[in-house]
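Chain and residue survey
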Amino acid sequence: MLDRFRLDGKVAIVTGASSGLGVAFARGLAEAGADVVIGARRADRLEKTRRLVEETGRRCLAVPADVAKPEDCDALAAAAVEELGGVDVLINNAGLGTAVPALRETPAEFRQVVEVNLMGAYWMAQACARVMRPGSSIVNIGSVLAETTAGLPQAAYTASKAALTGLTRDLAQQWTGRRGIRVNCLEPGFFASEMTDQYQPGYLERVVESRVVMRRPGDAAELVAAAVFLASEASSYITGVVLPVDGGLLLT
Ligand SMILES: NC(=O)C1=CN([C@@H]2O[C@H](COP(=O)(O)OP(=O)(O)OC[C@H]3O[C@@H](n4cnc5c(N)ncnc54)[C@H](O)[C@@H]3O)[C@@H](O)[C@H]2O)C=CC1
Ligand SMILES: O=C(O)C(=O)C[C@H](O)C(=O)CO
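Since this is a predicted model, take the numbers as computed values, not measurements.

Attention shifts here to the site of ligand 2. Every residue close to ligand 2 is listed here: Gly97, Ser143, Leu145, Gln154, Tyr157, Gly189, Phe190, Met195, Thr196, Gln198 and Tyr199. For ligand 2, an oxygen atom lies 2.6 Å from a polar atom in the side chain of Tyr157. In the complex, the protein chains occlude 96% of the 330 Å² of accessible area that ligand 2 would expose alone. Of the pockets mapped on this structure, ligand 2 occupies the largest pocket. Residue composition of the shell around ligand 2, grouped by class: five nonpolar, six polar and no charged.

If you want it as structure tokens, here you go:
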């Protein structure tokens, strides 16, 4: 049974892999056997991720890319095909989290979040679906904030992540039957990263204590395990689903 979770011989793309959860996804998919293409805007930091991935013995290609630019998404998918022979898995992880009161949020601020979290995920999905083989898997990284609120003013972030769940379902119904590409979405609860480092002191602890049934933030490995499941044959009969990985936050 455990062989169904292996990704040997597969090529996975992880966006936003220069920090936080993206680094953990890249390393975890490589540990499961995949060669990994990592994309993000900060080339110097991608190098660190590349070294971490290569420690597993798998190949890793680092490609500077801004997912808000469709041409960068096409270039990322093309590099995977040219250098590693194809694309089997996409982890749409790149994301921007901002907290701005709605009456002060500017059109530029709102657009920037939607252009990365929603449109960037769509451009990447399109670029990959054009070259993916049957049996491939797209995993969108959403957020529990698509389903609830947690006390911060995050209209753009929340709206972009809620829209990502709709995008997940629509692409799943368009591509799974016709092209053999499954599309699913993970909704992380709270995991320590550069995004959560931006919080006011004490915020994370308060949310975890009052909302998370398990009374602790998640460990990145707990999210990566769910991504490996959705990326692999272990979930071969699952498409169009939205899976919270949140320690029970959505129960409260
Ligand atoms: N850390 C958490 O508790 C949670 C995180 N998430 C989601 O997980 C994903 C990863 O976030 P974290 O690792 O926590 O934060 P992070 O801020 O460490 O990572 C986000 C990554 O996306 C990259 N990125 C941003 N804009 C980009 C663009 N235009 N093109 C390419 N890359 C871009 C950043 O450079 C960074 O490497 C995000 O989609 C976030 O919304 C969702 C729920 C909770
Ligand atoms: O999506 C979540 O849940 C997060 O923890 C992300 C943060 O709320 C965020 O966007 C920080 O500014």
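Moving on, we come to the sheet that holds strand β2 (residues 35-40). Reading across from one edge, β3-β2-β1-β4-β5-β6-β7 is the order of the seven strands in this open sheet, with parallel pairing throughout. Single-partner strands in this sheet number two, and they are β3 (60-64) and β7 (242-245). Sheet twist, expressed as the average angle between the axes of neighbouring strands with direction ignored, equals 20°. Pairing geometry for strand β6 (residues 181-188) and β7, over four bridges, is parallel. Bridged to Leu186 within β7 is Leu243. Strands in contact with helix α3 (residues 70-84) are β1 (11-15), β2 and β3; relative to β2, the strand with the most contacts, it is inclined by about 150°. Sheet strands in contact with helix α8 (residues 220-231) are β4 (89-92), β5 (136-141), β6 and β7, and its direction is about 165° off that of β6.

Turning our eyes to something else, we now look at the pattern of salt bridges. One pass over the full model with this rule turns up 13 salt bridges. Between Asp74 and Arg130 there is a salt bridge, and its shortest N-O distance comes to 3.8 Å. Of this pair, Asp74 sits in helix α3 while Arg130 sits in the loop between α4 (107-129) and β5; the two residues are 56 residues apart in sequence, bridging distant segments of the chain. When its relative accessible area of 38% is taken as the criterion, Asp74 is described as partly exposed. Of the charged contacts, one joins Arg133 and Asp88 as a salt bridge, the two residues approaching to 2.9 Å between their closest N and O atoms. One end of the pair, Arg133, is in the loop between α4 and β5; the other, Asp88, is in the loop between α3 and β4, with 45 residues separating them in the sequence. Since its relative accessible area comes to 35%, Arg133 is described here as partly exposed. Since its relative accessible area comes to 7%, Asp88 is described here as buried.

Turning next to the site of ligand 1. Close contacts around ligand 1 come from 27 residues, with Leu21, Asp66, Asn93, Tyr157 and Ser193 the closest. Contacts to ligand 1 include Ser19, whose side-chain N or O atom sits 2.8 Å from an oxygen atom. Within the side chain of Arg42, an N or O atom sits 3.2 Å from an oxygen atom of ligand 1. Only α1 (20-31), α5 (155-179) and α6 (194-197) provide two or more residues apiece to the shell around ligand 1. For the shell around ligand 1, the leading source of residues is α6, giving three residues. Broken down by class, the residue content of the shell around ligand 1 amounts to eleven nonpolar, eleven polar and five charged.

Space inside the largest pocket adds up to approximately 910 Å³. If you trace the largest pocket, you find 42 residues lining it, with Gly95, Leu96, Gly97, Ser193 and Met195 closest to the centre. Of all the secondary structure elements, the ones that give two or more residues to the lining of the largest pocket are α1, β2, α5 and α6. For the lining of the largest pocket, a count of residues per class yields 18 nonpolar, 19 polar and five charged.

Our focus in this paragraph is empty space enclosed by the protein. Applying the stated rule across the entire model yields one cavity of 30 Å³ or more. In this model, the largest cavity occupies a volume close to 40 Å³. Along its surface, the largest cavity is lined by Thr15, Val67, Asn92, Ala94, Val116, Asn117, Gly120, Ala121, Met124, Ile141, Lys161 and Leu164. Within the residue set of the lining of the largest cavity, elements represented by two or more residues are α4 and α5. No other element matches the five residues that α4 contributes to the lining of the largest cavity. For the lining of the largest cavity, the class distribution of residues is seven nonpolar, four polar and one charged.

Rules behind the numbers
Residues numbered from 1 in each chain as written. Chains lettered and ligands numbered in written order. Predicted model: local features only at pLDDT ≥ 70, side-chain atom pairs only at ≥ 80, totals over all residues. Heavy atoms only, no water. Near = heavy atom within 4 Å. Polar contact = N/O pair within 3.5 Å; in protein donor to acceptor, adjacent residues only side chain to side chain. Areas by Shrake-Rupley, 256 points an atom, 1.4 Å probe, with all protein chains shown as cover. 1 Å grid on protein atoms, 1.4 Å probe; cavity = no way out; pocket = protein on both sides within 12 Å on 5 of 7 lines; lining within 4 Å. Sits in = over half its atoms within 2 Å of the grid points. Nonpolar A, V, L, I, M, F, W, Y, C, P; charged D, E, K, R; others polar. Pairing = 2+ DSSP bridges. Helix = DSSP H or I, 4+ residues; strand = E, 2+ residues; numbered from the N terminus. Axes fitted to C-alpha atoms, helices over the stretch in contact; angles between N-to-C directions. Contact = heavy atoms within 4.5 Å. Salt bridge = Lys/Arg side-chain N within 4 Å of Asp/Glu carboxyl O. Buried < 20%, exposed > 50% of the residue type's maximum accessible area, 1.4 Å probe, protein only. Points joined across faces, edges and corners; volume = space filled by probe spheres on them.

Everything listed is a geometric property; what it means functionally is a separate question.
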